[in-house]
Amino acid sequence: MNQLPLNIPLKKFHEDNGAKMIPFAGFNMPINYTTGIINEHKIVRNHCGIFDVSHMGQILIDNNEINIKNLEQYIPLNLKNLKKNKSNYTFLLNENGGIIDDLIISNIDFKGKSNFYIVYNASRKNEDEEIFLKCAPSAKTIYNKNCLFAIQGPNSINVLENIIEIPKDMNFLDINIFKYEKNEVIVSRTGYTGEDGFEISILIEQSENFLKKILKSKDTMLCGLGSRDSLRLEAGLSLYGHELNENITPVDAGLIWALDKERLNDKKLNGGNILIDQIKKKTSKKKIGIISLNRSMLREGMNLLDNKNNIIGKITSGCFSPNLNKSIAIGYVNTETNFKNEIFCEIRNKIELVKKTNLPFIKKNYKKKGGNNE
Amino acid sequence: MSEKKYTKDHEWVSIQNDIATVGISNHAQESLGDIVFIELPSVGKSIKANDEICVVESVKAASDIYAPIDGEIIEINNNLENEAAIINQDAENTGWIFKMKISNEAQYNELMSEDDYKKFLEQ
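Residues numbered from 1 in each chain as written. Chains lettered and ligands numbered in written order. Predicted model: local features only at pLDDT ≥ 70, side-chain atom pairs only at ≥ 80, totals over all residues. Heavy atoms only, no water.

### Observations concerning the overall build of chain B
At step 1: Counting its regular elements, chain B contains 5 helices and 9 strands.
At step 2: Seen in sequence order, chain B has helices and strands lined up from the N terminus as β-β-β-α-β-β-β-β-β-α-α-β-α-α.
At step 3: Its C-alpha radius of gyration of 13 Å places chain B within 12% of the 14 Å reference for a compact globule of 123 residues.
At step 4: Counting only C-alpha atoms, chain B reaches 35 × 35 × 25 Å along its principal axes.
At step 5: With 123 residues in all, chain B has 48% of them scored as buried.
At step 6: Once local pairs closer than 6 in sequence are excluded, the contacts in chain B between residues at least 24 apart make up 60%.
At step 7: Across chain B, the mean location of the 10 positive side-chain charges is 4 Å away from that of the 24 negative side-chain charges. (Helix = DSSP H or I, 4+ residues; strand = E, 2+ residues; numbered from the N terminus. Rg over C-alpha atoms; globule rule 2.2 N^0.38 Å. Buried < 20%, exposed > 50% of the residue type's maximum accessible area, 1.4 Å probe, protein only. Contact = heavy atoms within 4.5 Å. Lys, Arg positive; Asp, Glu negative; His and termini not counted. Charge placed at Lys NZ, Arg CZ, Asp CG, Glu CD.)

### Re the sheet that holds strand E3 (residues 27-32) of chain A
Residue and element names in this part refer to chain A.
At step 1: Within the open sheet, the 3 strands sit side by side as E1-E3-E2. Their pairing is mixed. Of all strands in the sheet, those bounded by a partner on one side alone are strand E1 (6-7) and strand E2 (20-24).
At step 2: Pairing between E1 and E3: 2 bridges, direction parallel. Paired with Asn7 across the strands is Asn28, a residue of E3. (Pairing = 2+ DSSP bridges.)

### A word on the domain arrangement of chain A
Residues and elements named next belong to chain A.
At step 1: Parsing chain A into structural domains produces domain 1 (6-55 + 143-234), domain 2 (57-133 + 249-282) and domain 3 (284-357).
At step 2: Using C-alpha coordinates to define each centre, domain 2 is positioned 31 Å away from domain 3.
At step 3: Taken together, the 4 residues of domain 2 in the interface contact 6 residues of domain 3.
At step 4: Summing both sides of the interface, domain 2 and domain 3 together bury roughly 410 Å²; the carbon and sulfur share of this comes to 41%.
At step 5: Broken down residue by residue, the surface that domain 2 buries against domain 3 is led by Asp252, Ala253 and Lys282, which jointly contribute 95%.
At step 6: Inspection of the domain 2/domain 3 interface yields 0 salt bridges.
At step 7: There are 1 residue pair in polar contact (both at pLDDT 80 or more) connecting domain 2 and domain 3.
At step 8: Residues of the side of domain 2 that touches domain 3, tallied by class, amount to 2 nonpolar, no polar and 2 charged. (Domains from an automatic or database assignment. Buried area = accessible area lost by both parts, 1.4 Å probe. Salt bridge = Lys/Arg side-chain N within 4 Å of Asp/Glu carboxyl O. Polar contact = N/O pair within 3.5 Å; in protein donor to acceptor, adjacent residues only side chain to side chain. Nonpolar A, V, L, I, M, F, W, Y, C, P; charged D, E, K, R; others polar.)

### Concerning a negative patch on the surface
Residues and elements named next belong to chain B.
At step 1: A surface patch of like charges, here negative, comprises Glu3, Glu114, Asp115 and Asp116.
At step 2: Structurally, Asp116 is set in helix H5 (residues 114-122).
At step 3: A relative accessible area of 38% means that Asp116 is categorised as partly exposed. (Patch = residues over 30% accessible without salt bridge, like charges linked within 9 Å, V, L, I, M, F, W, Y side chains within 5 Å. Areas by Shrake-Rupley, 256 points an atom, 1.4 Å probe, with all protein chains shown as cover.)

### A look at the pairing of strand E4 (residues 48-52) of chain A
Residues and elements named next belong to chain A.
At step 1: With 5 of 5 residues buried, E4 is to be regarded as a mostly interior element.
At step 2: Both faces of E4 are covered, namely the face carrying Cys48, Ile50 and Asp52 and the face carrying Gly49 and Phe51.
At step 3: Summarising the sheet, E4 and strand E14 (residues 220-223) pair through 4 bridges and their orientation is parallel. Bridge assignment links Cys48 to a residue of E14, and that residue is Thr220.

### Considerations on the side chain of Lys5(B)
Residues and elements named next belong to chain B.
At step 1: Looking at the secondary structure, you find Lys5 in strand E1 (residues 5-6).
At step 2: We note that Lys5 is buried and unpaired, the nearest opposite charge coming from Glu3 at a distance of 4.3 Å.
At step 3: Polar side-chain contacts of Lys5 include one of 3.2 Å to the backbone oxygen of Asn109.

### A look at helix H2 (residues 37-46) of chain A
At step 1: Counting buried residues in H2(A) gives 7 out of 10 residues, a clear majority hidden from the surface.
At step 2: By the burial criterion, the buried members of H2(A) are Ile37(A), Ile38(A), Glu40(A), His41(A), Ile43(A), Val44(A) and Arg45(A).

Encoded structure:
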């Protein structure tokens, strides 16, 4: 059955601000505004851009022993040891270690109780919520009450500070509850653009007024999913449905750093033994970055070939990179491939030499003390 | 220069004597968004109406350009090689893509007038 796309709460506000809307993951979403994707991309890299990502899933789950025990079947982290007021990138795993979804889980006190606050992909709401509610029947989704905004770019701290009091020592992956006009907002120093920035979960009633205030700052503008995609691709970040799916494990995807290695030995964790095996041996595929050597555009689904015309992999995401001024892509290649040899891409009906590169394509610009990978 | 005409695939065509100039409509440029690359056709190529002639790549997607009329490519807009964004700025003028010598003027007469194209877009 074909269902009509849902609307985010501020649909009209976006349309009034020049948004071009497209269906995405079951929602009508802004793909770009009047100045276009490339300009929005540059605003985020150089100043500050605001994304409405209210289509994403947000849920609160009581932080208690039973819920932890149930969730740890799917989540490869030690949930008891999650630091308070910290966000963690992780996954829901299926029995084969395949990725049901990638998500951010945070340990925060909300309304006087310790909670896991989880933000997950809109396209995976059904699958994820079935698991969350099975693990924790009292879990409460909050996306019907709260909008979610991402404020991204080197100036985002200056822009947000004018409106919400942000402590000076708040670093990448820190999360806390702050006040915005007497109500509580959840603010984390996260995002998916490779830039410094914040994600803000705020009551729908306050959200338009909040956006209007933010947009009063100089060099700040609304940005859509088009630039969000080119920004995350330049930053080498994986997107569910492209680089990640149920047949790809975190090891395949080069995301071993996001796994708690001790938890992999826990029989309770889905696919733990498979992941250990993959880490020890070698997975059959490897995620790589690809850069076009001319003006051709690399697109999802294009075949990657060796110098004997054998298909060795596929592009999972491709776009024009405004920072590199050429096309970039992420793809998977068989690990038997000799990487010293040249890689070619089947671009429409031509076979062109492309350049393999490490991810990310640009240097990430997070505000942090220690190290973290992605 | 004759009246500008339009195809259902959002190309525009204007003719002078037996030479047609072809580009994509302003509407097409708007819906494609930022255009970053155009794969131009080869001069001298014989083409038939509705053949795929070249490709316009925007940040979002690739879009085929079709021949509006039978003929032969005689000139391409080399300025687009380095600055495809000209199409975004001026799709129906300096953003022309190729010129062709046409062999069947009747095909031109069958294309939509500007008014008809506007109505077509409203449908």
